[in-house]
Amino acid sequence: MSKAKIGLIGLGVMGSNLALNIERNGFPIAVYNRTLEKTKEFVKGDASGKQVFGAESVEELIAMLEKPRRIILMVKAGSAVDETIELVKPFLEKGDILIDAGNSFFQDTERRSEYLSKSGLNFFGMGVSGGEEGALWGPSIMPGGQKECWEALRPILKSIAAKYIDGEPCVEYIGPRGSGHYVKMVHNGIEYGDMQLIAETYDLLHRGLNLQQDELRQIFTKWNNGVLKSYLIEITEQILTKYDPETGKPMVDIILDEAQQKGTGKWTAQNALDIGAPTPTLNSGVECRILSSLKEERVHASRILTGPDPKYTGDKEKLIQAAENSLYCAKIASYAQGLGLLKIASKEYGYALNLGEIAKIWRAGCIIRADFLNDITRAYDANPELQNLMLDDFFHQAIESRQADWRFIVKTSVDLGIPMLATSSALSYYDSYRSEVLPANLTQAQRDFFGAHTYRRIDKEGSFHTIWEG
């Protein structure tokens, strides 16, 4: 047989779908799975009659590939990636490329890249977003590593990536080493914040106005035809069409209120603290999932701790309209935090990230795809040195014209005792960022009082210390 253009290890749902995507776009592919039976099932099943060649061993897989070999690893992040590298490494030659397309931590990618480079091998970290459907029909792809590897992979990745409505592939070279996985990590952090903002807005309307599923669905349908048009609003609308066939109740109402996480959101929050980037709304997305996991404690607390009546008695339509404007403002502030994190990380790690380009490849295929990413791309194309997304004229005016509703929603949620941690943190971020003076002067005085940490003055240069007692 002729040599396969690329290989793939790991035939879970994501790996299988990605393999079918690659083959459908004209690139013969060799596949291997540690469980041989899974390889045979795939080749004889979904891949039957296609240019998908099953290998019974890693050595056989390598022999099927043209040189330099290009091998995608679709295995669970963590030790499984290191184990697979060691499994494949003895059969590789100088110049071969291993591509980690899982949700690996970016610093692991940095470590693996350095380790393999000593043997003349290339390690390429590739963020992939879009879930199972995206893997099959076109994901958003965030590739990072050696530039020459990108050139070797470009034809395949451009072909299999999601295409925006203008036909442009949602993939572009991100930068060196672990940059691709870093950007995917931050993508997921933004996703956490976005999902929490939507959930909080839904909760306010559901509990505050006692809206039932059909009316909530109509609201999200309307919102998906306006400034909030996005994948997450769209699937929320679809979720609100489903009823449980057993009980007849809305499906969402019988799902236990415990949200799980796989770690990328937590990594984003931790890394933001490490490099000094403020991301309160992204962090709230993580914290709210952790709070949700305390189900038994919350049930117990609900019988002891009191709060106001959550029923809103004001103008219903006013609240619904304000909720739309509030969600849009909070979303802008949340993306501003994620992009601000990327800006700081770009300098910290030497990634030279192009924020406009990153927003562009998020326009289709990925979970946070949204129409307003076009506005973000335009903002950074117009000013690559833009300090903060909220300073762009378009986004500044978008918030300026809606912030009264944003504040109204936060105040209303407080009055009703309905938690909106992400929404209120986004507003506090906005207010903190626009404040010429913050109370950090008192914080510094306290630090100097108990620890002689010194402080700077507003009227002269240098570091100072005061004897506060006596």
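Residues numbered from 1 in each chain as written. Predicted model: local features only at pLDDT ≥ 70, side-chain atom pairs only at ≥ 80, totals over all residues. Heavy atoms only, no water.

For the protein chain, the name recorded in an unreviewed UniProt entry is 6-phosphogluconate dehydrogenase, decarboxylating, with Flexilinea flocculi as its organism. Under the heading Pathway (unreviewed entry), UniProt records this for the protein chain: "Carbohydrate degradation; pentose phosphate pathway; D-ribulose 5-phosphate from D-glucose 6-phosphate (oxidative stage): step 3/3." (UniProt positions renumbered as here; feature names shortened; annotations may be inferred.)

Draft legend 1. Expanded view of the side chain of Asn188. Relative to the assigned elements, Asn188 resides in helix H8 (residues 179–208). A polar side-chain atom of Asn188 sits 2.9 Å from a polar atom in the side chain of Thr264. Beyond its immediate chain neighbours, meaning those up to four positions away, Asn188 contacts Asn103 and Thr264. (Helix = DSSP H or I, 4+ residues; strand = E, 2+ residues; numbered from the N terminus. Polar contact = N/O pair within 3.5 Å; in protein donor to acceptor, adjacent residues only side chain to side chain. Contact = heavy atoms within 4.5 Å.)

Draft legend 2. The layout of surface pockets, seen in detail. Reported here for the second largest pocket is a volume of approximately 280 Å³. Looking at the second largest pocket, it is lined by 15 residues, and the ones nearest its centre are Tyr164, Lys229, Arg363, Arg369 and Asp371. Each of domain 1 (6–173) and domain 2 (184–434) accounts for three or more of the residues forming the lining of the second largest pocket. (1 Å grid on protein atoms, 1.4 Å probe; cavity = no way out; pocket = protein on both sides within 12 Å on 5 of 7 lines; lining within 4 Å. Points joined across faces, edges and corners; volume = space filled by probe spheres on them. Domains from an automatic or database assignment.)

Draft legend 3. Quick peek at helix H19 (residues 421–433). Between the first and last C-alpha of H19 there are 18 Å, a value that for 13 residues agrees with the 18 Å anticipated at 1.5 Å per step. Where H19 is concerned, the buried positions are Ala422, Thr423, Ser425, Ala426, Leu427, Tyr429, Tyr430 and Asp431. On its buried face, H19 is in contact with H8, helix H12 (280–292), helix H14 (316–349), helix H17 (393–400) and helix H18 (403–416). (Expected span 1.5 Å × (residues − 1). Buried < 20%, exposed > 50% of the residue type's maximum accessible area, 1.4 Å probe, protein only.)

Draft legend 4. Spotlight on H18. Taking 1.5 Å per residue, 14 residues should reach 20 Å; H18 reaches 20 Å between its end C-alpha atoms and fits that length. Looking at the buried side of H18, the elements it contacts are H8, H14, H17 and H19. Phi for Gly417, located one or two positions after H18, is positive at around 70°.

Draft legend 5. A look at the nonpolar core. Among the nonpolar cores identified, the biggest contains 83 residues, and Tyr182, Leu205, Leu342, Trp362, Ile376, Leu389 and Trp406 are the most heavily contacted of them. For this core, the element with the most residues is H14, which contributes 17 residues. Looking at this core, you find at least three residues from each of domain 1 (6–173) and domain 2 (184–434). If we ignore the near neighbours within four places in the chain, the residues touching Leu342 are Tyr182, Val183, Val186, Leu353, Leu355, Ile358 and Trp362. In this structure, Leu8, Ile22, Phe42 and Trp150 belong to the second largest nonpolar core, which totals 32 residues. (Core = buried A, V, L, I, M, F, W, Y, C linked by side-chain atoms within 4.5 Å.)

Draft legend 6. How the structure looks around the UniProt feature "active site" (unreviewed entry) in the protein chain. The sites that UniProt annotates as "active site" (unreviewed entry) are Lys184 and Glu191. Lining the largest cavity, from the set of annotated residues above, are Lys184. For Lys184, a relative accessible area of 5% corresponds to the buried category. Every residue in contact with Lys184, bar those within four places of it in the chain, is listed here: Asn103, Gly127, Val128, Ser129 and Met142. Relative to the elements of secondary structure, Glu191 occurs in helix H8. When residues no more than four places from it in sequence are discounted, the contact partners of Glu191 are Ile367 and Ile368.

Draft legend 7. Layout of the state of the cysteines. The tally for this structure, following the rule as stated, stands at zero disulfides. No disulfide involves Cys170; its sulfur sits 7.4 Å from that of Cys366, the nearest cysteine. Taking relative accessible area as the criterion, Cys170 reaches 1% and is therefore assigned buried. This cysteine, Cys329, is not joined by any disulfide, and Cys288 carries the nearest cysteine sulfur, 19 Å off. Its relative accessible area of 0% is what places Cys329 among the buried residues. (Disulfide = S-S within 2.5 Å.)

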